[in-house]
Amino acid sequence: MYIWLQESFYPSKQIVRNLFKIEKFNKQGKKVEEVVKSFEAKWFYPSEFTNLVKIAGLRIKEILADYKGTIFTGEQDKMIWILSK
């Protein structure tokens, strides 16, 4: 299996565009399947998203850096926001 990722970041729009290509091969090395998926994500900075949460009338319960439960310190490049009403 071959997995390829192309990631493009557009700072002025705070957009990340990702293109994934997955190629599967049989035992003889012949490609038997190819899947191409793309998605676009909005990049938020912590202070910016905090303001959006407040405007929406929500409360921040926790900000994590990964799905293992690591607390976000500002040094990581990913955030998982746990919010409540």
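Residues numbered from 1 in each chain as written. Predicted model: local features only at pLDDT ≥ 70, side-chain atom pairs only at ≥ 80, totals over all residues. Heavy atoms only, no water.

For this particular structure, what's the right way to read the confidence of the model for the chain?
Detailed conclusions should not be drawn from predicted coordinates in areas where pLDDT is low. Averaged over every residue, the pLDDT of the chain is 94; the share at 70 or more is 100%. Model confidence for the chain, summarised as mean pLDDT per element, is weakest for strand 1 (residues 2–10) at 94 and strongest for strand 4 (residues 59–64) at 97. (pLDDT = per-residue confidence, 0-100. Helix = DSSP H or I, 4+ residues; strand = E, 2+ residues; numbered from the N terminus.)

Please clarify how unusual backbone geometry should be interpreted in this entry.
A positive phi angle, close to 55°, is found at Gln14, a residue other than glycine. The topology assignment puts Gln14 in the loop between strand 1 and strand 2 (15–25).

Would you take a moment to explain the packing of aromatic side chains for this structure?
To describe a pair of aromatic rings, you give the distance between the ring centres and the angle between the ring planes. Using the criterion set out here, one finds four aromatic pairs in the structure. Pairwise contacts between aromatic rings join Phe44, Phe49 and Trp81 into one cluster. We note Arg17 situated over the ring of Tyr10; from NZ or CZ to the ring centre the distance is 4.7 Å. Above the face of the Phe44 ring, Lys42 is positioned so that its terminal group lies 5.3 Å from the ring centre. (Phe/Tyr/Trp six-rings, centres within 6.5 Å; stacked < 30°, edge-to-face > 60°. Lys NZ or Arg CZ within 6 Å of the ring centre and 35° of its normal.)

Help me out: how do you make sense of the pairing of strand 1 in this one?
The side chains of a regular strand alternate between both faces of the sheet. Taken together, the nine bridges between strand 1 and strand 2 define a ladder with antiparallel strand orientation. Residue pairing for strand 2: Ile3 is matched across the bridge by Ile22. Hairpin connection from strand 1 to strand 2: four residues lie between these consecutive antiparallel strands, with Gln14 at a positive phi of about 55°. (Pairing = 2+ DSSP bridges.)

Hey, could you run me through the sheet that holds strand 1 in this one?
Picture the strands of a sheet paired through backbone hydrogen bonds; they go either parallel or antiparallel. If you walk across this open sheet you meet the three strands as 1-2-3, and the pairing is antiparallel. One side of each edge strand has no neighbouring strand; the edge strands of this open sheet are strand 1 and strand 3 (31–42). In this sheet, adjacent strand axes meet at a mean angle of 10° when their direction is disregarded. (Axes fitted to C-alpha atoms, helices over the stretch in contact; angles between N-to-C directions.)

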